[in-house]
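Listed here are the chains, written in short residue letters.
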Amino acid sequence: MTRTSPTTLVVTWLVAAVAGFAVDAVLASAGRPILPLPPTIGIVLIGIGVVLLVFAWPVRQMVRGGRKVGFRHATSVLAGAKASELVAGVLGGWASGALLFLLTRAVISADAVVMSLWTMGGAIVLLVAALVAESWCMLPPEEDGATPA
C-alpha cells in the first residue's frame, strides 16, 4: 500500500465542507432547522484516534526491530488508519461547512458554533492520529534495493 495522498484528504475535506454548507443553506431557506453535529461526535473521534494509536504502537515496535506482530494485526491497523483519515475528512469537512454557514447568518447560535468546533477538533485529532498510525505501519526501505514481496 502507498501512503494516503494529501490531495485526497484536502479534496475530501473540501467536498464535505461544500456539502455541509449546501445542506444547511437549503434547510434554512426552506424554514427547517439545520443539522448541527452533536459535540459527542468530536469526543468519539478523539477516542477512535487514541485507540488507533494504541493498536499501531506494537506495529511501530516491530518495524523498529521489536517483538513480532501478526501480519493481520498490522494490515488491520493500516486499513483502520486509512479509513479513519477519510472519516475525519468527511466529518471535519461537514462541520467546517456547517460552521461557515452559521457564521454567515445575521443571528449566530453559539451552541451550534461550539458543536461544530467540537466536531472539527475531534476530526483534526483523528486525522493526525491516523496519519501517525499510517506512518508507524510503513516498512523501512530494503538495503539491497529490492522491493519487499
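Just so we're clear, the structure is a prediction, and the values are computed from it rather than from any experiment. (Residues numbered from 1 in each chain as written. Predicted model: local features only at pLDDT ≥ 70, side-chain atom pairs only at ≥ 80, totals over all residues. Heavy atoms only, no water.)

If you tally the helices and strands in the protein, you get four helices and zero strands. In the protein, the succession of helices and strands from N to C terminus is α-α-α-α. Taking 15 Å as the expected radius of gyration for a compact globule of 149 residues, we find that the protein reaches 19 Å, considerably beyond that expectation. Each principal axis of the C-alpha distribution contributes one length, and for the protein these read about 65 × 25 × 20 Å. (Helix = DSSP H or I, 4+ residues; strand = E, 2+ residues; numbered from the N terminus. Rg over C-alpha atoms; globule rule 2.2 N^0.38 Å.)

Our focus in this paragraph is the nonpolar core. One broad trend across soluble globular proteins is that nonpolar side chains are buried collectively. In terms of nonpolar packing, the biggest core is built from twelve residues, these being Leu52, Ala56, Val59, Val69, Ala74, Val77, Leu78, Ala81, Ala130, Ala133, Trp136 and Cys137. Sorting the residues of this core by element identifies helix H2 (39-63), helix H3 (71-103) and helix H4 (110-136) as the ones contributing at least two each. Take this core: its biggest share by element is four residues, from H3. Not counting chain neighbours up to four residues away, the residues in contact with Leu78 comprise Met1, Glu134 and Cys137. (Core = buried A, V, L, I, M, F, W, Y, C linked by side-chain atoms within 4.5 Å. Buried < 20%, exposed > 50% of the residue type's maximum accessible area, 1.4 Å probe, protein only. Contact = heavy atoms within 4.5 Å.)

As a further point, take the packing of H2 against H3. Direction vectors running N to C along H2 and H3 enclose 155°, while the axes themselves pass 10 Å from each other. Judged by the inter-axis angle, H2 sits roughly antiparallel to H3. The hand of the H2/H3 crossing is left-handed. Residue-level inspection shows Ile41, Leu45, Ile48, Leu52, Phe55, Ala56, Pro58 and Val59 of H2 in contact with H3, the latter providing His73, Ala74, Val77, Gly80, Ala81, Ser84, Val87 and Leu91. For the contact of H2 with H3, the per-class residue count stands at 13 nonpolar, three polar and no charged. (Axes fitted to C-alpha atoms, helices over the stretch in contact; angles between N-to-C directions. Parallel < 35°, antiparallel > 145°, perpendicular 65-115°, else oblique. Left-handed = near helix turned anticlockwise from the far one by under 90°. Nonpolar A, V, L, I, M, F, W, Y, C, P; charged D, E, K, R; others polar.)

Bringing helix H1 (residues 6-29) into the picture now. The α-helix advances 3.6 residues per turn, and as a result positions three or four apart in sequence lie on the same side. Between its first and last C-alpha, H1 extends 34 Å over 24 residues, near the 34 Å set by a 1.5 Å rise per residue. Along H1, the positions that sit buried rather than exposed are Leu9, Thr12, Trp13, Ala16, Ala17, Gly20, Asp24 and Leu27. With a side-chain oxygen lying 3.1 Å from the backbone nitrogen of Thr7, the N-terminal cap of H1 falls on Ser5. (Expected span 1.5 Å × (residues − 1). Polar contact = N/O pair within 3.5 Å; in protein donor to acceptor, adjacent residues only side chain to side chain.)

Moving on, we come to a nonpolar patch on the surface. On the surface, Val50, Val51, Val54 and Phe55 cluster together into a nonpolar patch covering about 360 Å² of accessible area. Relative to the assigned elements, Val51 resides in helix H2. (Patch = residues over 30% accessible without salt bridge, like charges linked within 9 Å, V, L, I, M, F, W, Y side chains within 5 Å. Areas by Shrake-Rupley, 256 points an atom, 1.4 Å probe, with all protein chains shown as cover. Salt bridge = Lys/Arg side-chain N within 4 Å of Asp/Glu carboxyl O.)

Further remarks concern the packing of aromatic side chains. Aromatic rings considered in pairs are described by the distance between their centres and by the relative angle of their planes. All told, the structure shown has two aromatic pairs when counted by the stated rule. Ring geometry for Phe21 versus Phe101: centroids 5.6 Å apart, planes at 80°, classification edge-to-face. Pair noted here: Phe21 is in helix H1 and Phe101 is in helix H3, with a separation of 80 residues, a long-range link. Residue Phe21 is classed as partly exposed on the basis of its relative accessible area, which comes to 30%. (Phe/Tyr/Trp six-rings, centres within 6.5 Å; stacked < 30°, edge-to-face > 60°.)

Attention shifts here to the environment of Met138. Among the secondary structure elements, Met138 is positioned in the segment after H4. Along the chain, Met138 and Arg60 lie 78 residues apart, while their C-alpha atoms are 8.5 Å from each other. Leave out the neighbours within four places in its chain, and Met138 touches Met1, Arg3 and Val63.

On to the environment of Met1, then. By the element assignment, Met1 lies in the segment before H1. The contacts of Met1, once residues within four sequence positions are left out, are Leu78, Lys82 and Met138.

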